[in-house]
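Structure assessment
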Amino acid sequence: EWEERQKTRADEMKAVSEALAVLSGDDAHDLFTRTFNPSFLQSSSSSDASKDFRASASQVLAAVAAKYSNPKLGALAYQVKLDAFTRVKKAIDDMVAQLLKEKDDEI
């Protein structure tokens, strides 16, 4: 079994070396240079836009809250600003609960 694993490992290393040689060769570099189109690169994402909308909405609410001395609007502005983290917190809490349940099931 040891010899078989050693032979398999040697074959894998040989295959990886050959793949690296092909990928780092001049032909691969030339092909990449000819076919690379920078117009396909992503320049922005929708999460950036939603963050900007959330921030501007929070600023508007905070300004109105300050103008009219309304603490409820101030709290709403703060909540809108931090709302992006509520889904992340919920996902983390759900994962922790699931892991605790699995732990209890295993014991």
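Look up a bit, the structure's there.
Below or above, wherever it landed, is the structure these notes cover. (Residues numbered from 1 in each chain as written. Predicted model: local features only at pLDDT ≥ 70, side-chain atom pairs only at ≥ 80, totals over all residues. Heavy atoms only, no water.)

**Here's the deal with the overall build of the protein chain**
Each helix and strand counted, the protein chain has 5 helices and 0 strands in total. Written out in order from the N terminus, the α and β elements of the protein chain read α-α-α-α-α. Counting over 107 residues, the protein chain shows a buried share of 4%. With the model as given, the accessible surface of the protein chain reaches about 9,900 Å², and the carbon-plus-sulfur share is 61%. (Helix = DSSP H or I, 4+ residues; strand = E, 2+ residues; numbered from the N terminus. Buried < 20%, exposed > 50% of the residue type's maximum accessible area, 1.4 Å probe, protein only. Areas by Shrake-Rupley, 256 points an atom, 1.4 Å probe, with all protein chains shown as cover.)

**Observations regarding the pattern of salt bridges**
The full count for this structure, using the stated rule, is 3 salt bridges. Here Asp-105 and Lys-101 are joined by a salt bridge, their closest N and O atoms 3.9 Å apart. Here Asp-105 and its partner Lys-101 are both found in helix H5 (residues 84-106), 4 residues apart, which amounts to about one turn of the helix. By the burial criterion, Asp-105 is exposed, and Lys-101 matches it. (Salt bridge = Lys/Arg side-chain N within 4 Å of Asp/Glu carboxyl O.)

By themselves, these are just geometric observations and shouldn't be taken as functional.
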